[in-house]
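The residues making up each chain are set out below.
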Amino acid sequence: MRTPLIAANFKMNKNLDEAFNYFNELKKLTADTKNVEIVVATPHLLLYPLTQSVKNTNIQLSAQNVHWEDSGAFTAETSPKTLKAIGINYTILGHSERRKMFCETDETVNKRIKNALKNNLKIIFCIGESLDQRENNETIKVITEQVKKGLKSVSKEEMNNISIAYEPIWAIGTGKTATPEQAQEVHKKIREILNDIYGNEISQKTRILYGGSVKPNNIKDLISQNDIDGALVGGASLKAESFFEIISQSSK
Ligand code: PGA
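Definitions and cut-offs
- Residues numbered from 1 in each chain as written.
- Predicted model: local features only at pLDDT ≥ 70, side-chain atom pairs only at ≥ 80, totals over all residues.
- Heavy atoms only, no water.
- Buried < 20%, exposed > 50% of the residue type's maximum accessible area, 1.4 Å probe, protein only.
- Helix = DSSP H or I, 4+ residues; strand = E, 2+ residues; numbered from the N terminus.
- Right-handed = clockwise from strand over helix to strand, strands pointing away.
- Pairing = 2+ DSSP bridges.
- Contact = heavy atoms within 4.5 Å.
- Axes fitted to C-alpha atoms, helices over the stretch in contact; angles between N-to-C directions.
- Disulfide = S-S within 2.5 Å.
- Phe/Tyr/Trp six-rings, centres within 6.5 Å; stacked < 30°, edge-to-face > 60°.
- Lys NZ or Arg CZ within 6 Å of the ring centre and 35° of its normal.

K.L.:
Looking at this structure, how should I read the pairing of strand S3 (residues 59-63)?
P.N.:
One face of the sheet, then the other: side chains in a regular strand alternate in exactly this way. Burial within S3 is extensive, with four of its five residues counted as buried. Read from strand S2 (residues 37-41) through helix H2 (residues 44-54) to S3, the crossover connection turns out right-handed. In the sheet, S3 pairs with strand S4 (residues 90-93) via two bridges, with the strands oriented parallel. Pairing of Ala63 across the sheet is with Thr91, part of S4. After leaving S3, the chain enters helix H3 (residues 80-85) and then returns to the sheet as S4, a path that is right-handed.

In structure tokens:
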């Protein structure tokens, strides 16, 4: 049985005061939440002060990216080692906004994954096709390539620290969600790819999240699909109440 993982992606939103208020509210709302893992990826500047706010709660903080080296001349990048040292245990990697706007490739995502794993971070590894690719029937080809290249030389043991987020680019921030059936079809395929690479045990254990305009009114139908094990939520995670509604409807 895979415990659902519900992750918020704040992207470049909220200042410190707003984030403190948000966490105060979310902590109260989720105090009795069980059987769902809750992760919030805030802007990196806010992570350290917020570690105090989430102490002794069931909310975990996450970064939104990390570099493939631990230190060096990499202006404005974030070292996974530095994150670990302040008590952060999660990072998102390979988000489509990083791929599209900041020239991330499957190769650089793989390098970041390898170094995050070396530093014992848990990873939400994002993949997803563009609208053009979907309309040209290339979805499965694109997904297969992203999974294989992104996970190149990642071992079976290391897969224990990886969840995959399937986020069709055309559904991110657009209000257009993939239908539960469209999402399930791709999630099932991702599990088959994992089965080919790592075998049945890892493929059954790995959580595959859906992302792209997840809202309180569509999470139930998505999470009820066999191979959907959680969600990566952007816009609808920015209000504690709406993020909590998504969390509370996600225990399977
Ligand atoms: P969205 O973003 O929920 O606003 O579509 C999801 C994401 O980018 O992870």
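Next comes the rest of the description.
K.L.:
Any chance you could explain helix H11 (residues 240-248) here in plain terms?
P.N.:
Since there are 3.6 residues in each turn of an α-helix, residues three or four apart along the chain are aligned in direction. Within H11, burial applies to Ala240, Ser242, Phe243, Phe244, Ile246 and Ile247. The inward-facing, buried residues of H11 contact strand S1 (5-9), helix H1 (16-30), S2, helix H10 (219-223) and strand S8 (230-233).

K.L.:
When you look at unusual backbone geometry in this model, what are you seeing that I'm missing?
P.N.:
Most peptide bonds adopt trans geometry, and most residues besides glycine take a negative phi value. In the Ramachandran plot, Cys103 falls in the positive-phi region, its phi being about 60° despite a non-glycine side chain. On the secondary structure map, Cys103 appears in the loop between helix H4 (96-101) and helix H5 (106-118). On the basis of relative accessibility, which here comes to 64%, the residue Cys103 falls in the exposed class. You will see that Asn137, though not glycine, has its phi angle at about 60°, which is positive. Structurally, the position occupied by Asn137 is in the loop between helix H6 (131-135) and helix H7 (139-150). When its relative accessible area of 73% is taken as the criterion, Asn137 is described as exposed.

K.L.:
How should the environment of Lys205 be read in this particular structure?
P.N.:
Structurally, Lys205 can be placed in helix H9 (residues 200-205). In this structure, the C-alpha to C-alpha distance between Lys205 and Arg191, residues 14 residues apart in sequence, is 9.6 Å. Discounting residues that sit within four places of it in the chain, Lys205 has contacts with Arg2 and Asn160.

K.L.:
Mind showing me how you'd approach the sheet that holds S1 here?
P.N.:
Think of a sheet as strands paired side by side through backbone hydrogen bonds, with each pair either parallel or antiparallel. Read around the closed barrel, the eight strands follow the order S1-S2-S3-S4-S5-S6-S7-S8; overall the barrel is parallel. Mean inter-strand twist for the sheet, computed between neighbouring axes without regard to direction, equals 25°. Examined bridge by bridge, strand S6 (residues 162-166) and strand S7 (residues 208-211) share three bridges and lie parallel to one another. Bridged to Ala165 within S7 is Leu209. Each of S2 and S3 is contacted by H1, which is oriented at about 135° to S3, the strand it contacts most. With respect to the sheet, H11 is in contact with S1, S2 and S8, its orientation differing from that of S1 by roughly 160°.

K.L.:
How should the state of the cysteines be read in this particular structure?
P.N.:
One covalent bond between the sulfur atoms of two cysteine residues makes up a disulfide. By the definition in use, this model includes zero disulfides. Cysteine Cys103 remains unbridged, with the sulfur of Cys126 as its closest cysteine sulfur at 17 Å. Classification of Cys126 by relative accessible area gives buried; the value is 1%.

K.L.:
Which parts of the structure should I look at to understand the side chain of Ser96?
P.N.:
Its place among the elements puts Ser96 in helix H4. Filtering out sequence-adjacent residues up to four positions away, Ser96 remains in contact with Ile169 and Ile172.

K.L.:
Any chance you could explain the packing of aromatic side chains here in plain terms?
P.N.:
Two numbers describe a pair of aromatic rings. These are the distance of the centres and the angle of the planes. Evaluated as defined, the whole model comprises three aromatic pairs. Geometrically, the ring pair formed by Tyr22 and Phe23 is edge-to-face, given 5.6 Å between the ring centres and 70° between the ring planes. Take Tyr22: its relative accessible area is 4%, and that puts it in the buried class. Counting every residue linked through ring pairs, the aromatic cluster contains Phe10, Tyr22 and Phe23. A cation sits over an aromatic face here: Lys14 above Phe10, 5.4 Å from the ring centre. Sitting above the plane of the Trp68 ring, Lys111 keeps its charged end 4.3 Å from the centroid.

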